[in-house]
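The residues making up each chain are set out below.
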Amino acid sequence: PIGAGYDGTVEFIKGLPTSVTPEVFGLHDNADITKDQQETNLMLDSLLLTLSAGGGGGAGGADSESLLNDIATDIFNKMPKEFDVETVQRKYPVRYEESMNTVLLQELIRFNKLIKVIRTSLQELQKAIKGLVVMSSDLEDVAKALETGKVPGMWAGKSYPSLKPLGSYVNDLLARLKFLQDWIDVGQPSVFWISGFFFTHAFLTGGLQ
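Residues numbered from 1 in each chain as written. Predicted model: local features only at pLDDT ≥ 70, side-chain atom pairs only at ≥ 80, totals over all residues. Heavy atoms only, no water.

(A) Seen up close, the pattern of salt bridges. Scanning all chains against the criterion turns up eight salt bridges. With a closest N to O distance of 3.9 Å, Lys35 and Glu39 form a salt bridge. Pair noted here: Lys35 and Glu39 are both in helix α2 (residues 30-52), with a separation of four residues, about one helical turn. We classify Lys35 as partly exposed; its relative accessible area is 37%. Taking the relative accessible area as the measure of exposure, Glu39 reaches 47% and is therefore partly exposed. One salt bridge in this structure joins Asp182 and Lys178, with 2.9 Å as the shortest N-O distance. In this pair, Asp182 and Lys178 both sit in helix α8 (residues 166-186), four residues apart, roughly one turn of the helix. Several salt bridges share partner residues, and in doing so they unite Asp32, Lys35, Asp36 and Glu39 into one network. (Salt bridge = Lys/Arg side-chain N within 4 Å of Asp/Glu carboxyl O. Helix = DSSP H or I, 4+ residues; strand = E, 2+ residues; numbered from the N terminus. Buried < 20%, exposed > 50% of the residue type's maximum accessible area, 1.4 Å probe, protein only.)

Printed below as a string of structure tokens:
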């Protein structure tokens, strides 16, 4: 404050709140919630990275690689191969009278991209663990994510929105793929799993048509 002098200025500073409200920066009160969530996620991510880095060398490193290989192998074996879109298209042709066929084909194409990324990255990671290929930065990110139980960023970039950890994410993905496979094998379901679609808006638009 003007004219307060040194002591007055110090006392004024001491009287300021230690934490300011978002309103000071022109933000909504909910910005405080977002800040707290981000700080919590950063702290937990840092703790997970610390735990995963505690294996060290020697036998501990070998055990870590063995565990990582087991995780990658388990997910890879559970993950089905890509859908045969051409065969499905012959069985469910795109027609104006049946808009759900278009929805099905679009879903298969989107999920195929995700399946391809997951299977390819896991295959390459298994080779890298055995020393058959170079461990690239992308594969290192996948390895760290698998060790900490998180969905790798490479997968998330091709995936539907999800906040689930790795185990729950894989189970959810397998359930979605089974839903589509049953649709292909048995026929259009009488009840649709709306949240199981990759792009729900396409299903809602198809339903309106």
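(B) Fine view of the nonpolar core. Counting 41 residues, the largest nonpolar core has Leu125, Leu146, Trp155 and Leu173 as its most contacted members. Those elements that provide at least two residues to this core are α3 (59-78), α4 (85-91), α5 (99-130), α6 (137-147) and α8. Among the elements that make up this core, the one with the highest residue count is α5 (14 residues). If near-sequence neighbours (up to four positions away) are discounted, Trp155 is found in contact with Ile75, Leu114, Val117, Ile118, Ser121, Leu122, Leu146, Leu166 and Tyr169. (Core = buried A, V, L, I, M, F, W, Y, C linked by side-chain atoms within 4.5 Å. Contact = heavy atoms within 4.5 Å.)

(C) How the structure looks around the environment of Asn101. Here Asn101 shows up in helix α5. For Asn101, a relative accessible area of 4% puts it in the buried group. Separated by ten residues in sequence, Asn101 and Lys91 place their C-alpha atoms 9.3 Å apart. With residues near it in sequence (within four places) discarded, Asn101 still touches Tyr92 and Pro93.

(D) Molecular detail of the packing of α5 against α8. Relative to each other, α5 and α8 sit at 140 degrees, their axes nearing to 11 Å. When the interaxial angle is binned, α5 and α8 end up oblique. Crossing of α5 over α8 shows left-handed handedness. Contact residues: α5 offers Met100, Leu104, Glu107, Leu108, Phe111, Leu114, Ile115 and Ile118, while α8 offers Tyr169, Leu173, Arg176, Leu177, Leu180, Trp183 and Ile184. (Axes fitted to C-alpha atoms, helices over the stretch in contact; angles between N-to-C directions. Parallel < 35°, antiparallel > 145°, perpendicular 65-115°, else oblique. Left-handed = near helix turned anticlockwise from the far one by under 90°.)

(E) Local environment of the layout of surface pockets. Within this model, the largest pocket holds a volume of roughly 310 Å³. Partitioned by chemical class, the residues of the lining of the largest pocket number five nonpolar, three polar and three charged. There is about 200 Å³ of room inside the second largest pocket. Among the elements of the structure, α3, α5 and α6 are those that each provide at least two residues to the lining of the second largest pocket. (1 Å grid on protein atoms, 1.4 Å probe; cavity = no way out; pocket = protein on both sides within 12 Å on 5 of 7 lines; lining within 4 Å. Points joined across faces, edges and corners; volume = space filled by probe spheres on them. Nonpolar A, V, L, I, M, F, W, Y, C, P; charged D, E, K, R; others polar.)

(F) Geometry of α8. For α8, spanning 21 residues, the distance from its first C-alpha to its last is 30 Å, which sits close to the expected 30 Å at 1.5 Å a residue. Taken together, the buried positions of α8 are Leu166, Tyr169, Val170, Asp172, Leu173, Arg176, Leu177, Phe179, Leu180, Trp183 and Ile184. Of the residues one or two after α8, Gly187 is the one with positive phi, at around 125 degrees. (Expected span 1.5 Å × (residues − 1).)

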